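Read off the chains here:
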2 protein chains.
Amino acid sequence: MSGQHLAEAALSGGDRSVVAVVAVVALAALAVGYVLLREVLAAGQGTAKMQDIAKAVQEGAAAYLKRQRNTLTIFGVLVFLLLFALPADTVSERIGRSIFFLAGAVFSFAIGYLGMWLSTQANLRVAAAANDEGGREKATRIAFRTGGVVGMATVGLGLFGAALVVLVYAGEAPKVLEGFGFGAALIAMFMRVGGGIFTKAADVGADLVGKVEQGIPEDDPRNAATIADNVGDNVGDCAGMAADLFESYAVTLVAALILGSAAFGTQGLLFPLIVPAIGVITAVIGVFITKARPGENGLSAINRSFYISALISLVLCTVAAFTFLPTSFAGLEGAKNAALTGNPGLIAAVAVIIGIVLAGIILWLTGYYTGTEHKPVKHVGETSETGAATVILSGISVGFESAVYTAIVIGGAVYGAFLLSGDVTVALFAIALAGCGLLTTVGVIVAMDTFGPVSDNAQGIAEMSGDVSEEGAKILTELDAVGNTTKAITKGIAIATAVLAATALFGSYSEAIRDAGNTAVDFAANIVSPNTLVGVLIGAAVVFMFSGLAVNAVSRAAGAVVYEVRRQFHDNPGIMDGSVRPEYGRVVDICTRDSLRELMTPGLLAVFAPIAVGFGLGVEALAGYLGGAIATGTLMAVFLANSGGAWDNAKKLVEDGNHGGKGSDAHEATVIGDTVGDPFKDTAGPAINPLIKVMNLVSVLIAPAIVTFIIDGDTALRIVIALVAVAIVAAAVIVSKRRGSAIADSPAEQVNSA
Amino acid sequence: MSGQHLAEAALSGGDRSVVAVVAVVALAALAVGYVLLREVLAAGQGTAKMQDIAKAVQEGAAAYLKRQRNTLTIFGVLVFLLLFALPADTVSERIGRSIFFLAGAVFSFAIGYLGMWLSTQANLRVAAAANDEGGREKATRIAFRTGGVVGMATVGLGLFGAALVVLVYAGEAPKVLEGFGFGAALIAMFMRVGGGIFTKAADVGADLVGKVEQGIPEDDPRNAATIADNVGDNVGDCAGMAADLFESYAVTLVAALILGSAAFGTQGLLFPLIVPAIGVITAVIGVFITKARPGENGLSAINRSFYISALISLVLCTVAAFTFLPTSFAGLEGAKNAALTGNPGLIAAVAVIIGIVLAGIILWLTGYYTGTEHKPVKHVGETSETGAATVILSGISVGFESAVYTAIVIGGAVYGAFLLSGDVTVALFAIALAGCGLLTTVGVIVAMDTFGPVSDNAQGIAEMSGDVSEEGAKILTELDAVGNTTKAITKGIAIATAVLAATALFGSYSEAIRDAGNTAVDFAANIVSPNTLVGVLIGAAVVFMFSGLAVNAVSRAAGAVVYEVRRQFHDNPGIMDGSVRPEYGRVVDICTRDSLRELMTPGLLAVFAPIAVGFGLGVEALAGYLGGAIATGTLMAVFLANSGGAWDNAKKLVEDGNHGGKGSDAHEATVIGDTVGDPFKDTAGPAINPLIKVMNLVSVLIAPAIVTFIIDGDTALRIVIALVAVAIVAAAVIVSKRRGSAIADSPAEQVNSA
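To start, this report covers the structure provided alongside it.

Rules behind the numbers
- Residues numbered from 1 in each chain as written.
- Chains lettered and ligands numbered in written order.
- Predicted model: local features only at pLDDT ≥ 70, side-chain atom pairs only at ≥ 80, totals over all residues.
- Heavy atoms only, no water.
- Patch = residues over 30% accessible without salt bridge, like charges linked within 9 Å, V, L, I, M, F, W, Y side chains within 5 Å.
- Areas by Shrake-Rupley, 256 points an atom, 1.4 Å probe, with all protein chains shown as cover.
- Salt bridge = Lys/Arg side-chain N within 4 Å of Asp/Glu carboxyl O.
- Lys, Arg positive; Asp, Glu negative; His and termini not counted.
- Charge placed at Lys NZ, Arg CZ, Asp CG, Glu CD.
- Helix = DSSP H or I, 4+ residues; strand = E, 2+ residues; numbered from the N terminus.
- Buried < 20%, exposed > 50% of the residue type's maximum accessible area, 1.4 Å probe, protein only.
- Contact = heavy atoms within 4.5 Å.
- Buried area = accessible area lost by both parts, 1.4 Å probe.
- Polar contact = N/O pair within 3.5 Å; in protein donor to acceptor, adjacent residues only side chain to side chain.
- Nonpolar A, V, L, I, M, F, W, Y, C, P; charged D, E, K, R; others polar.
- Disulfide = S-S within 2.5 Å.
- Axes fitted to C-alpha atoms, helices over the stretch in contact; angles between N-to-C directions.
- Left-handed = near helix turned anticlockwise from the far one by under 90°.
- Parallel < 35°, antiparallel > 145°, perpendicular 65-115°, else oblique.
- Least-squares fit on C-alpha atoms with pLDDT ≥ 70 in both.

1. Details of a negative patch on the surface
Phase 1: Taken together, the side chains of D665(A), E668(A), D665(B) and E668(B) make up a negatively charged region of the molecular surface.
Phase 2: Elements with a minimum of two residues in the negative patch: α20 (665–712) of chain A together with α20 (665–712) of chain B.
Phase 3: Structurally, the position occupied by D665(B) is in helix α20.
Phase 4: When its relative accessible area of 64% is taken as the criterion, D665(B) is described as exposed.

2. Examining the interface of chain B and chain A
Phase 1: Of the residues lining the interface, 72 residues belong to chain B; the matching set on chain A comes to 72 residues.
Phase 2: Around 6300 Å² of area is buried between chain B and chain A when both sides are counted, 78% of it from carbon and sulfur atoms.
Phase 3: The interface formed by chain B and chain A contains one salt bridge.
Phase 4: For E401(A), the salt bridge goes to K737(B), with nearest N and O atoms at 3.1 Å.
Phase 5: Taken together, the links from chain B to chain A amount to six residue pairs in polar contact (both at pLDDT 80 or more).
Phase 6: Of all the secondary structure elements, the ones that give two or more residues to the side of chain B that touches chain A are α11 (375–383), α12 (388–418), α13 (424–439), α15 (470–517), α16 (530–571), α19 (619–655), α20 and α21 (715–753) of chain B.
Phase 7: Counted by class, the side of chain B that touches chain A contains 45 nonpolar, 21 polar and six charged residues.

3. Side note on the state of the cysteines
Residue and element names in this part refer to chain A.
Phase 1: On inspection of all chains with the given rule, the structure shows zero disulfides over all chains.
Phase 2: In this model C238 remains outside any disulfide bridge; the closest cysteine sulfur is found in C591, 16 Å from its own.
Phase 3: Judged by relative accessible area, C238 falls into the buried class, the value being 1%.
Phase 4: The class of C591 is buried, set by a relative accessible area of 2%.

4. Some remarks on the packing of helix α7 (residues 226–264) of chain B against α13(B)
Residues and elements named next belong to chain B.
Phase 1: Orientation of α7 relative to α13, taken along the N-to-C sense of each, is 145°, at an axis distance of 8 Å. Every pair of crossing elements has a handedness; the one defined by α7 and α13 is left-handed. Residues S248, Y249, T252, L253, A255, A256, L259, G260, A262, A263 and F264 of α7 form the contact with α13, whose own contacting residues are T425, V426, L428, F429, A432, G435, C436 and L439.
Phase 2: Residues belonging to the contact of α7 with α13 are distributed by class as follows: 14 nonpolar, five polar and no charged.

5. Some details on the packing of α7(B) against helix α14 (residues 442–465) of chain B
Residue and element names in this part refer to chain B.
Phase 1: Orientation of α7 relative to α14, taken along the N-to-C sense of each, is 175°, at an axis distance of 10 Å. In terms of axis orientation, α7 runs roughly antiparallel to α14. Counting all contacts with α7, which are made through T226, I227, N230, D233, N234, D237, C238, M241, L245 and Y249, the residues of α14 involved are V442, I445, V446, D449, T450, P453, D456, N457, G460 and M464.
Phase 2: Here the contact of α7 with α14 is built from residues that sort into ten nonpolar, six polar and four charged.

6. Thoughts on the side chain of D244(B)
Phase 1: The topology assignment puts D244(B) in helix α7.
Phase 2: Those residues within four positions of D244(B) in sequence are excluded, and the remaining contacts are A188(B), R192(B), A494(B), P686(B), N689(B) and P690(B).

7. Re the relation of the copies chain B and chain A
Phase 1: For the pair chain B and chain A, the superposition axis carries a translation of 0.0 Å, the fit reaches an RMSD of 0.0 Å, and the rotation angle comes to 180°. These values place the two chain copies in the arrangement generated by a two-fold rotation axis. Distance from the rotation axis, computed per C-alpha, reaches its smallest value in chain B at N526(B): 2.2 Å.
Phase 2: An overlap of 100% is found between the interface residues of chain B and their copies at the interface of chain A, pointing to a shared contact surface.

See the structure below:
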């Protein structure tokens, strides 16, 4: 799986043309995205007032991403240098790994930037379209086409990057790809966390002062936090999500390519590129066939096109597997395991099918647990009649339950792929191929997800401008509810890619340890051994810690927003009667500053915790650590996403006139549930997916260094490195805690005196 | 570690007298308990009205436990037969294991019953004492002495049972002890779950109708659920907790004894009995020196006596280790590892010290995170000013954070003990000895814990009777707040014993597999292998599922209570004006019926999930499963316990006049937090400790059967067993879901028409 295995698997001319075709398909995806982009931009832009508001949102979002880019550049350069210092087999591998780390990071950021920019263009156009005749179809179409652009860019850039690495590096591709995946995952994690803190600080802050204290509706222009709230939707839900899914795409592909040549020889390096290339084609079909039939719910239309495109993927991938791959291992070019029995074509086909079916089941399961028309959300809505406490408890139960079933389904997929071969390398490759199967749906998934924040923002612009008809507003509310469910689905799919990629990357981890140790004995991190078990415990703990830090960061930043909005209401009584325009920019600045400051602690935790465990407790404990983080991370991510989604939609149910409707006690109870769910579903939950991948890739990258230290007996230096890592994390936690108290103390006092 | 190793380690005459002395110490503990009991019962019983109320509580609690005993008897007999069917080395081992399973089960139930009975006697006396002059000291003394009785009974019976097994079975003790521990853990789990559902259904139900809907205070006699609420404190917090700590005691001792002779020869079988015998002596000291100084907080007094007795334990255990154990492995009688280097006395001393220090750190950490005088709870209190949502979020953050630190401390203790020897068996024994060190504090811990529900009930009796002076009521409120923290501490200690015992039992698990397989190769469940990793994922999922089921069960049962109380208010308007006495008995009956019905699903999950994983996916996946359950279980248990404790005490802070005091919006926000925390801290959280042990012991018991099936190639039968286990769990989940909807539907309709 590592360099020395692959070095022999140089690409023949025919192989190179296969990769070249894949690269062309990837570029074609970008071209399709451009066509869709033109269509979106050509749509009507509504009234001048709507354009004014949209402009403010655009400027705020651009300013945030610019500052985030500066912060991340410093961090990226540091990691680039650290990466350069880590052991590698050859110099070109060392250089390639660092260069492609930067490529992954830049691509990830670019996709995020595109998602954000486009979404700020589209929200205005969706709001305007809802006002027109045939508004529902028009608005749905623009929102979904917007998603299509981002989806095409995600799969196009991801596939193009991977194909490029394979073309250029062939034999050394795996180590270089580790860099590419790491860059993508690291930046995506920061964008997820930073954007998540921004969006929820603004949202929660706006709600606490607006809805709860002043009793003014959501998105009311008198609330100084409304622009920030809308900016947040774009930098969190669009930029963060797009970067995250790009990262999922890249890392899964990386895992498959690393394992491919070891398991299947040269064809193993090509087949994982062919599967997502098919996915690109079906994603194009999926985006173009999405049309809501008259009177049909937007979610049904989206689901239909998902299932159709998944089915097409399934058929084409099966055909590809049987035509491209031989029926015996002896027939594979350059295969290490020519003596194995079994049918490579069949194994690959079944593995890919497992991945596609997994995507379908998660779609259904998440829709069931977070959709307004199914039992769970209805039940949460019912519990609003006995108050906020029962809403919280029922939402937590829904989250726990859905997490369990999702985890079992993902576990079943991993186990099913694992059973496809008795050979460990082939089994791991099958798991990675299941991940590639899942990837074929990413284009449509991104399109679905982008739908959510675009609709949410369109609603915001409609409300703030007051220029959208009642009918138009109703359409936008419907689209927003659909968006809540599609957002939860994306998170489910993303976490599934994390498990599949991470499981497959374990193969790369073991191989790195074996290579560095030069031993014939297989590396074994026996979970019944106390050091591995302690690793599992710490890995699980880091997921809790990360989630707690993210939730806390939102609370702190929201506190600062609350304070600022209160201050504006207090200092300018004219704001309340509408005669004075609030200073929106100040709240945007606060959110920008706080979210960039707050993302450092969880970010440092993700990078340095595996370093501390690996150097301090050894490679067995680090393996346990990753296992614990994957298992607990999966459950926590789904729990946070789905309980948040259920609360949000339970609130929508009440607002649609159930259980007393808007303004009732039941409504207040669901608003509390929704506020609790906000940082769950949009900050902590979605960031766990890139977290797992970052920790996995850090571990794969540092494993050879740890083994070298252990073999050389450099215990003192090893422990020093671990202690430095612990000190960095501890210092970050202490700094953010201090900040917490300072903020918590000041506003309370000042408000009391106000 | 298993029978064949131990068979040679028959006890000499001198050894037998050591064990006999330990048994006498255990009996002496029971005698001290009796003396304390006499003192408690001799205290004044207050007014006739108070006695009336206490009597109703006593009857309700006794009725519940009687019905629970009947339910558990059926379950116990079934498991007894299943256990008898499992493979064993000899017939006497098979019989002994089943017989001592019953002994463990009966002891566990008996301790629970005693805890409950005594607590219902003591609450009245504490309430009466608070009314007297010097009330604070008197009330504190009675409450703490009551705990002392239960503490003495716990350590006395646990130690006596283990000593008896060693005396009678010597060589075959380990397998028999597995039965003893399993019986204790299984019954404790049912009592924890059943009692936890009862107490919180009544508490939440009473609060929802009383405080929230009708605006009457807690424990108001017009609320039909008040008696049930007080009964619940006794069957949940007293009976459940006492059985749980007895089980922790028994299983930790079992783990140490199983590993002892393999690691240290005969002395290894004796030393784990000597350590808790020392614990008995120091517990007696701890109970007798607990006296609040004038004006001192009850918690300070309890903490002081804990630290003093822990220090005495530490000194005595160190002395015992160095005098009883030799300075080299060659000096150990019958040691398998005579060739090992290292000092057994030093290893044992350090291991025990690690355990005692661990108890001290957890005490401090939990006190910090849940005590009213420290930052975290104060912070949760502050967030009440911005509403219920921020209270929930800050409480969840406190829970996450404290879980992380507690898990890291426990992991550190495990790793520290593990480092004491390079030999795996000795290292595992050191971990078990750390567990024994922790055990030396159990006597005082139980006394601390019982303090909580007794004070809570005393407050209830005072409120309902109206016969306690204002000063007396204030004293009882203070004691109740102390009780919230001590209850959280107990849960922290209990989960630490679970991790230590489970880690040590992994040794027994591997040994069972090796024995059954007759192979020379070490069993390895490599976490980087997908089947083990899937096991970890499922193990983590079961903890989420169990927690979700427990929370759901409380919601459902509370719904039934709400409905009944509403019905009584509606049908008898006289209840509200105080002219008609509500039918307390009906609510007690509902809680009894529902909690016994609801405990079946989580109970079946705990027993059958490991069977499904083990038979279905093999012993590696089962090892992963246990690892995942231990890691996630530890974090979840501490999270649930501490967030619940923090919310409860934040409410107390507000009720003490902070942030607006009783009746303010801030108060309402903290009441919501407390209601969410109720099933967290008193139902789901504490049940995770016995859950982990039950799953561990089931796995140890079934491991030989799984290996035999695999070796014999009986794949079909193996899969059938797994499917039957899955079907049982699925059926139980579906039945409880159906019940859920039926209950949820009926009251809502009837209430709307009412």
